[in-house]
Each structure stands twice: as structure tokens, then as C-alpha cells.
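Overview (structure and organization)
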Amino acid sequence: MADSLRNRLWNLLYSFLWDRRERNARGPVRLSDRQRTSLEEDIWDGVVKQPLYELYEEYTTPVYQIRKWFFKTEWYRVYDLLEFVSTWFESQVGSPTSLSKASSDLLTAEGSGYRFVGNRIEPIVGDAEISAIEDAVGEGDWPWEVHLATALDHLGKRPEPDLRNCVKEAISAVEAIAQEKAGKRRATLGDAVKVLERQRQLHPALKKALAELYGYSSDGDGIRHALVDEPNLTLDLARFQLVVCSAFVNLLKAAPAASAGSAAGPGSTASGARAR
């Protein structure tokens, strides 16, 4: 991480959380003193992972201690902090903030290869790609949304992404929604898309594209690891797989389910999705 990017990210974080003079200018969240203390302690415990008493050492303040850590820690832990703060606000304050948008704008300006996708910082920089993934992940209630959220976790794993499992979870998301729409919970993706084609919910050309996509990472019995273990599985290929699978999920969302009785509802793990 370039010094200029680290400096500007700190300035942004400070202006949002601690600099009272900047509140009206930047329009960040308004925290009570109690909320700010809670956030500082949660950062120290959940991100810095050091004893809380160190946060209140004599002649220092929590913001000073956090700042000292911020400027000496590994680059990827800076992103961990930004993710943590964004998620904290959503869960504790109950309303989204403009921090993630401002951070993404700054990352763009500084030429970083990372952007916020929801509350995650991912190695994805295209606005259209981000939009496709966010639409497909939704609220994370349905099995395919869980698979895509897990794929995002693998892609954004730092310092090194888990490319193989990103690909695995992305194609599993397509399989899960195809099973849902075909009304066949245990079908392979190939069998499910045949049903969708017969029901005229899927164009033959798209059926072929899905088959080719599935063939890249799977066989009839499930995920096949031989191909994705190869060293030519790059970040670009894994990102492509995630974006394309997200686009297919968005396409199949519009298709009616085969029957109301055969559909697996939110939170179901019938399609093999893991509970979060």
C-alpha cells in the first residue's frame, strides 16, 4: 500500500469518526460519545486484537492508539479496519453510512485494485461488475445468495485470495438457483437447465453457455478440483467466473419457479448451500 493511499484513508476515517469540525462538511455519521467509545473498543478488540487496557494508556487517547497501529500494520489489515467499521455501523447504528462510497472513490483516485462491494473490500474495480454482484447477493437469505457471498469472501481473502473456492462457490450459486427454478432440488446444473429450456425459461444459447461454464469447474458428481488446482487459475479468471455467475443468477431470478410447492424458501440448505 502506497504511503499516499494509507495517509488518505486515515484522513478519511478520522474525518468520519473523530473530527467534529468536519461533520457538517462531509456529512458523516453522528455518533454519541458512548457510541464512539464502543466503536473504539470494538476496533481494538476485533481488528487490532490487543488488550483493552492498552487503549487507555496514560497520556494517550484511543484515537492515538488506533492511529499508531494503523500506520504500522500490514496493508491488508487497513482494509480489514474499513470493512469492520462499515459493518459496525450497519449493525450497531442501524443505518448505512457514506464511508464505503467515499472509500471507494478514494481507492479509485489512488489507483488501488480494490473497491467496496457491499460491506466487503474486494479486488473488483468495475462499476458494472460490482452492481451485478451486489444485485445477485441481495440480502443473503437464499441459498444462491449465500454461495455468492461465500465466493466473495474467498475472493477478498487477504493477503492471498482463495481462488479455487471462489470458483466453486460461484458455480454452486448458479446450480442452486437453477434447481430452485426447475423445481428439482437435487438435480445437477445440467439437468436443471434442461428443464428450464423445456419450460422456455432459458434460451438454448444460454443453456449452452451455462453448460460450458459448468464444465470449466464441475463434473456430473459435483465440483471437480483438478482444473482449478492448476497454477493458471488467476485472480482475473476467478473474478470473471464470479461476475458471470452473478449475471446468470440475476437472469434466472426473473424466471418463474416450476411450482410453488417445489421451491426451497429463504434459508433452506436443500441446494447444498452452507448456513452462514
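Structure: above.
First things first, this report covers the structure right here in the doc. Owing to the predicted nature of the structure, the values given are computational and were not obtained by experimental measurement.

**Considering helix α13 (residues 235–253)**
The end-to-end C-alpha distance of α13, which contains 19 residues, comes to 27 Å, matching closely the 27 Å that a straight helix rising 1.5 Å per residue would cover. Looking at α13, one finds that the buried residues are Ala 238, Arg 239, Gln 241, Leu 242, Val 243, Cys 245, Ser 246, Phe 248, Val 249 and Leu 252.

**Regarding the pattern of salt bridges**
One pass over the structure, following the stated rule, counts 7 salt bridges. Residue Lys 101 is joined to Asp 105 by a salt bridge in which the shortest nitrogen-to-oxygen separation is 2.7 Å. Here Asp 105 and Lys 101 lie together in helix α6 (residues 99–109), a separation of 4 residues that amounts to about one turn. Its salt-bridge partner being Asp 236, residue Arg 239 comes within 2.3 Å of it at the nearest N-O pair. Taken together, the residues span about one helical turn, with Arg 239 and Asp 236 both in helix α13 at a distance of 3 residues. Through salt bridges with shared partners, a single network forms among Asp 80, Glu 83 and Arg 158.

**Here's the deal with helix α10 (residues 189–198)**
When we look at burial in α10, the residues that qualify are Leu 189, Ala 192, Val 193, Val 195 and Leu 196. In an axial view of α10, the angular spread of the buried residues amounts to 150 degrees, which keeps them on one side of the axis.

**What to know about the environment of Glu 40**
Take Glu 40: it is sitting in helix α3 (residues 33–48). When neighbours within four sequence positions are excluded, Glu 40 is seen to be in contact with Trp 18, Leu 55, Pro 62 and Ile 66.

**Here's the deal with the packing of helix α7 (residues 127–137) against helix α8 (residues 143–155)**
Look at α7 against α8: their axes get within 8 Å of each other, and the N-to-C directions meet at 135 degrees. Between α7 and α8, the angle falls in the class oblique. Along the contact surface, α7 presents Ile 133, Ala 136 and Val 137, while α8 presents Trp 144, Glu 145, Leu 148, Ala 149 and Leu 152. Considering only residue class, the contact of α7 with α8 consists of 7 nonpolar, no polar and 1 charged.

**Notes on the nonpolar core**
Ranked by size, the top nonpolar core spans 41 residues in total, and within it Ile 133, Leu 242 and Val 249 carry the most contacts. Sorting the residues of this core by element identifies α7, α8, α9 (163–182), α10, α11 (204–217) and α13 as the ones contributing at least two each. For this core, the element with the most residues is α9, which contributes 11 residues. Setting aside its immediate chain neighbours within four residues, Leu 242 contacts Ile 124, Ile 133, Leu 148, Ala 151, Leu 152, Leu 155, Cys 166 and Ala 170. Listed in part, the 32 residues of the second largest apolar core include Leu 55, Leu 99, Leu 106 and Leu 107.

How each quantity is defined
Residues numbered from 1 in each chain as written. Predicted model: local features only at pLDDT ≥ 70, side-chain atom pairs only at ≥ 80, totals over all residues. Heavy atoms only, no water. Helix = DSSP H or I, 4+ residues; strand = E, 2+ residues; numbered from the N terminus. Expected span 1.5 Å × (residues − 1). Buried < 20%, exposed > 50% of the residue type's maximum accessible area, 1.4 Å probe, protein only. Salt bridge = Lys/Arg side-chain N within 4 Å of Asp/Glu carboxyl O. Arc of directions from axis to C-beta. Contact = heavy atoms within 4.5 Å. Axes fitted to C-alpha atoms, helices over the stretch in contact; angles between N-to-C directions. Parallel < 35°, antiparallel > 145°, perpendicular 65-115°, else oblique. Nonpolar A, V, L, I, M, F, W, Y, C, P; charged D, E, K, R; others polar. Core = buried A, V, L, I, M, F, W, Y, C linked by side-chain atoms within 4.5 Å.

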